[in-house]
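Architecture at a glance
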Amino acid sequence: MSTTPITKEAPFTPIAVVGAGALFPGSKDTSGFWQNILAKKDLIREIPPGHWLIKDYYDADPKAPDKTYAKRGAFLDDVAFDAMGFGIPPSILPATDTSQLLALIVAQAVLDDVSGFKTAAMDLSRVSVILGVTGAQELLSSLVSRLQRPVWERSLRGMGMSEADVKEACDRIASHYVGWQESSFPGLLGNVVAGRIANRLNLGGTNCITDAACASALAAVHLAINELRLGQSDMVVTGGVDTLNDIFMYMCFSKTPALSPSGDCRPFDESGDGTLLGEGLGMVALKRLADAERDGDQIYGVIKGLGTSSDGRSKSVYAPVPEGQARALRNAYASAGYGPETVDLVEAHGTATKAGDAAELKGLKAVFEESGRADRQWCALGSIKSQIGHTKAAAGAAGLLKIVLALHHKILPPTIKVTKPTPAADFPNSPFYVNTEARPWIHGRAHPRRASVSSFGFGGSNFHIACEEYVGPGRRPMRSDTPGAELLVFSADTAEGLIAALQAARGKPVVQLAYDCQKAFDASKKFRIALVVEEPIDPILDRAIATVREGKPIHRAHVYFHPGFDAGKVAFLFPGQGSQYVDMGKDLAMRFDAARGAYDAAEAAVPGLANVLFPRPTFTKEDRARDEATIVRTEWAQPSIGATSSAMVALLAACGLRPDATAGHSFGELTALWAAGSMAFSDWMTAARTRGVLMAGASEIPGAMAAVTGTAADVTPHLVDGVNIANLNAPEQTVVAGTIEGIDAVMAKCKAAGLRATRLAVATAFHSPIVAPAAEAFAEHLRGVSFTAPSVPVWSNTTAATLAPDGLAEALGAHLAKPVRFVEQIEAMYTSGVRTFVEVGPGGVLSGLVTRILGDRPHEAFSVDQKGRSGVDAFLAALGRAAALGLPVRFEALWSQRDPAPLTAPAPKMAVQINGSNYGKPYPTPSGGGPLLPPRSPPPGSTPLGPPARKEDLPVKHGVHTHPLPTPSATGAGPPA
């Protein structure tokens, strides 16, 4: 096997993905496809009766003749097809393979998604359609079956049947198959999948298909890229189409054999025993990157390299060859100009067959390990086949869409059904790990995020595409259509007006309602209420109306109402060590570009932080315990908490919320200084890491801490030498720190006095003289930091007063060894006019302490995060609570990456419902007495299928071009084949 080093020179022309369209099991568009991936939906089910009958063809014995041992797969749902809108006579639908009809829907969606296509003066003669489609389509088998009539007749005559009975029997058999007509020939051809798109959408460039078996889609992308690189096209619609899941296809895969005997598709899992078939259509629009930037296109991602190869001579024409696959990978990275050591995500072919997965993993490891990268498990590995099965000619398109959307949304997508990764892969000692959870794709390196996709086909066809995120001048925020809670806010001059607004909200689509009411919200109105809702919303509306009528404040159960409260000054409070937990901020980073960007900056400042915050998925309790223990370690806990607080600060600022003062608890004081503008981000994150490392070093010095239920006055008489008060967190809670022997003595004395004392699980006696060496070392580090005067007052734990701009290094250093006077600090802030305390960071401990300190005095204290609740829901609740208090919230930031009312085409009046099985397909009943299912009828209000008066009277109504059908030839033979 060649190990030629990967060149760093890239003659490859960068290709932009400027449009996308998808129709896969469980979804009808690209957004639905992506949401199903993130939701980890298993879309594999039993064979629908409209495809073939399990009773007729299933046998658990793989050797049973003319039977399949599989009865499950992934299938398209019904979609509305507007035949008249596409200029297709409804009468020819049964003679047109469903792949051609569905491909029109997806191709139109792709063109509609290309922003520049609508605005640029596109030369349609230079727009091409090149798709991966296998040669045989379902309609072919039906038409061929009718031609077996002589065989039926001879067989029946040989049984002694009369000619009349033979004719009747053969007529009945023939009635189960679609009859031949003028449109049958083009209707059964795979190449007309592309040709019909070009014809109906008036695209004049190259139109053709490629057949590389299960690599067909990426073979098509290969040709499409060459069209663009050679200048023969300016845009190409490309991808893959496969709706062939009839019994013939099941028999092909059964007799290989490649299907799963256990009835599931589990790539890279120890129990994986074969694949299952799926169907789907995936397409993208490609342009040269420079052209896409010129035309102002939305760019999902950039194809940087493509590698192809053949396996050459091997033991079988369909057996996978790792060396051949590795050659395609090397070629891809050679053309991309970068190595696999920079790739964070690979969407594998991943069929779940033992031989296929083993060969692919061997080829991947060979190439990725050549890169010389020393660490292990840096690259996420996945396969969409675990969710939608093997979509054959469309498999590469599904994989390409998955990685392009992952780059666009900056999320590492999950692969499902992996509970125990195959030991043969030796993942812990490889560059790869199987990513089983959706995770924010945090990236702190100089180069863009990078992902790749592989596709392999019978006959030794190998393709590998290298992509990266677009970071050029036309970059736009990631779009997010993640379903979940919505924030409703209402305002009025009177309680009656507020109730009327709540009542008027009934029956409205919740997303559009959220957008409309946020746009109309007026914080200056006297009565304000906020609701965090999901469907159905009527129960929460009822609760809100009752709340307004009662007139009492409420801030629970997703309803926030604060009549007559003066918000006063607003302070941001930042938590310290102990609030951290694995995956804190995860939901925010996957939903909001601003939050994810803050984590990116933190990773750049503290490399490795992302893997601590959002660790790789684990498969054992021991691994999970290891991850939880890592984030608790002081050297990681403090920068992790800081990064999470920074993400929340960024989101609050985007929504118009800025503090009048800041403060923190222990480590949080450092965050408070950064949030007030006293420190540069990188200086602050480096200081957070340094503080943690120094404190971890101090942990080697014996020491202990204990929490005592009592005031400082209660505890002080029981202190002994070597023990001091470390934290005054609340009026009735005092934390002491000191030597181990001293803490034991103090705890005994306190218990004897009737005070409850609890030993804390900490490494040493923080905020005591024991850690003084770390305090001085930290001060020395801070002396090299450039501090500026804070933009707002920053309150100190140590003095319970505002920090002076001078001497910050010494003050922050000494803070490590001095007591935290949190009670006095909050009291002083309250005296200064602060009435609203917002905890910005993981958890909600500080906001609870504030309420314990201030008691019944007028104030509001709430957190932006609630452990155990969706991060997005908790953030929306905090934002809603701020709005209900009358704070100047700007809601536009919530919609910068979302569409309040996604454009949906009106339901066509003449639509018919189609799916992966051919339209109008007859099927024999188990008794053989006629079709099991009659041809599907149009919905109410539409006309029966039948020939139109004149074909040329049917214009195309989709897209931006209208033109009639081609006129039949004078001979009546129709369009040429």
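Relevant structure appears above.
Residues numbered from 1 in each chain as written. Predicted model: local features only at pLDDT ≥ 70, side-chain atom pairs only at ≥ 80, totals over all residues. Heavy atoms only, no water.

1. A word on the overall build of the chain
Check the secondary structure of the chain and you find 33 helices and 31 strands. Taken over C-alpha atoms, the radius of gyration comes to 33 Å for the chain, in line with the 30 Å a tight globule of 977 residues would show. Looking at the 977 residues of the chain, the share that counts as buried comes to 58%. Relative to all contacts within the chain whose residues are 6 or more apart in sequence, the contacts with residues 24 or more apart total 79%. In the form shown here, the chain has an accessible surface area of approximately 37,100 Å², with 56% of it arising from carbon and sulfur atoms. Averaging the coordinates of the 92 positive side-chain charges in the chain and doing the same for the 96 negative ones gives two points 2 Å apart. (Helix = DSSP H or I, 4+ residues; strand = E, 2+ residues; numbered from the N terminus. Rg over C-alpha atoms; globule rule 2.2 N^0.38 Å. Buried < 20%, exposed > 50% of the residue type's maximum accessible area, 1.4 Å probe, protein only. Contact = heavy atoms within 4.5 Å. Areas by Shrake-Rupley, 256 points an atom, 1.4 Å probe, with all protein chains shown as cover. Lys, Arg positive; Asp, Glu negative; His and termini not counted. Charge placed at Lys NZ, Arg CZ, Asp CG, Glu CD.)

2. Description of the sheet that holds strand 2 (residues 45–46)
Strand pairing in a sheet relies on backbone hydrogen bonds, with the paired strands running either antiparallel or parallel. The strand order 2-3-8 describes an open sheet built from three strands, whose pairing is mixed. What marks the edges here is a single partner per strand, and that holds for strand 2 and strand 8 (277–278). Pairing geometry for strand 3 (residues 72–74) and strand 8, over two bridges, is parallel. Paired with Ala74 across the strands is Gly278, a residue of strand 8. (Pairing = 2+ DSSP bridges.)

3. Some thoughts on the sheet that holds strand 5 (residues 127–132)
With mixed pairing, the 11 strands of this open sheet are ordered in space as 6-5-7-9-1-10-17-16-11-12-14. In this open sheet, the two strands that pair with only one neighbour each are strand 6 (207–210) and strand 14 (432–434). Put simply, the sheet's adjacent strands are angled 25° from each other on average, direction ignored. Where strand 5 lies against strand 7 (residues 235–242), six bridges are found, and the strand directions are parallel. The residue of strand 7 that forms the bridge with Val127 is Met235. Here helix 3 (residues 98–113) sits on the sheet and contacts strand 1 (15–23), strand 7 and strand 9 (280–288); the angle it forms with strand 1, its principal contact strand, is near 135°. Packing against the sheet, helix 16 (residues 395–409) makes contact with strand 1, strand 7, strand 9, strand 10 (301–310), strand 11 (345–347), strand 12 (379–382), strand 16 (450–457) and strand 17 (461–468), and its axis sits at approximately 175° to strand 16. (Axes fitted to C-alpha atoms, helices over the stretch in contact; angles between N-to-C directions.)

4. With respect to the packing of helix 17 (residues 495–504) against helix 19 (residues 538–550)
At their nearest, the axes of helix 17 and helix 19 sit 10 Å apart, and the two run at 175° to each other. It follows from the interaxial angle that helix 17 and helix 19 lie roughly antiparallel. Two secondary-structure elements touch here, helix 17 through Ala495, Leu498, Ile499, Leu502 and Gln503 and helix 19 through Leu541, Ala544, Ile545, Val548 and Arg549. For the contact of helix 17 with helix 19, the class distribution of residues is eight nonpolar, one polar and one charged. (Parallel < 35°, antiparallel > 145°, perpendicular 65-115°, else oblique. Nonpolar A, V, L, I, M, F, W, Y, C, P; charged D, E, K, R; others polar.)

5. Here's the deal with helix 14 (residues 354–369)
Compared with an ideal rise of 1.5 Å per residue, which puts 16 residues at 22 Å, helix 14 spans 22 Å between its outermost C-alpha atoms and is within 8% of the ideal. Residues of helix 14 that are buried include every one of Gly356, Asp357, Ala359, Glu360, Leu361, Gly363, Leu364, Lys365, Ala366, Val367 and Phe368, and no others. Among the structural elements, helix 13 (322–336), strand 11, strand 12, strand 14 and strand 16 are those in contact with the buried residues of helix 14. (Expected span 1.5 Å × (residues − 1).)

6. Details of a nonpolar patch on the surface
The grouping of Val317, Tyr318 and Phe458 at the surface amounts to a nonpolar patch, some 330 Å² of accessible area in total. Examined against the element boundaries, Tyr318 turns out to sit in the loop between strand 10 and helix 13. With relative accessibility at 44%, the residue Tyr318 sits in the partly exposed group. (Patch = residues over 30% accessible without salt bridge, like charges linked within 9 Å, V, L, I, M, F, W, Y side chains within 5 Å. Salt bridge = Lys/Arg side-chain N within 4 Å of Asp/Glu carboxyl O.)

7. Some details on the environment of Ile540
Structurally, the position occupied by Ile540 is in helix 19. Using a relative accessible area of 10% as the deciding quantity, one classes Ile540 as buried. Linking Ile540 and Leu502, residues 38 residues apart in sequence, is a C-alpha distance of 10.0 Å. Apart from residues lying up to four places away in sequence, Ile540 is in contact with Leu531, Val532, Val533, His558 and Val559.

8. A short note on the packing of helix 3 against helix 9 (residues 191–200)
The interhelical angle for the contact between helix 3 and helix 9, taken along N-to-C directions, is 50°, at an axis separation of 9 Å. With respect to helix 9, the axis of helix 3 lies oblique. Pair helix 3 / helix 9 crosses with right-handed handedness. From helix 3, Ser99, Gln100, Ala103, Leu104 and Ala107 reach across to helix 9, where they touch Val192, Val193, Arg196, Ile197 and Arg200. A breakdown of the residues in the contact of helix 3 with helix 9 according to their chemical character gives six nonpolar, two polar and two charged. (Left-handed = near helix turned anticlockwise from the far one by under 90°.)

9. Here's the deal with the pairing of strand 29 (residues 834–839)
With five of six residues buried, strand 29 is to be regarded as a mostly interior element. As paired elements, strand 22 (residues 569–574) and strand 29 share five bridges and run parallel to each other. Each residue of the ladder has a partner; that of Val570, found in strand 29, is Thr836. Strand direction decides the pairing type here: strand 29 and strand 30 (residues 860–863), joined by four bridges, are parallel. Note on strand 30: the bridge partner recorded for Val838 is Phe862. Taking the sense of rotation as the criterion, the β-α-β connection linking strand 29, helix 32 (residues 845–854) and strand 30 turns out right-handed. (Right-handed = clockwise from strand over helix to strand, strands pointing away.)

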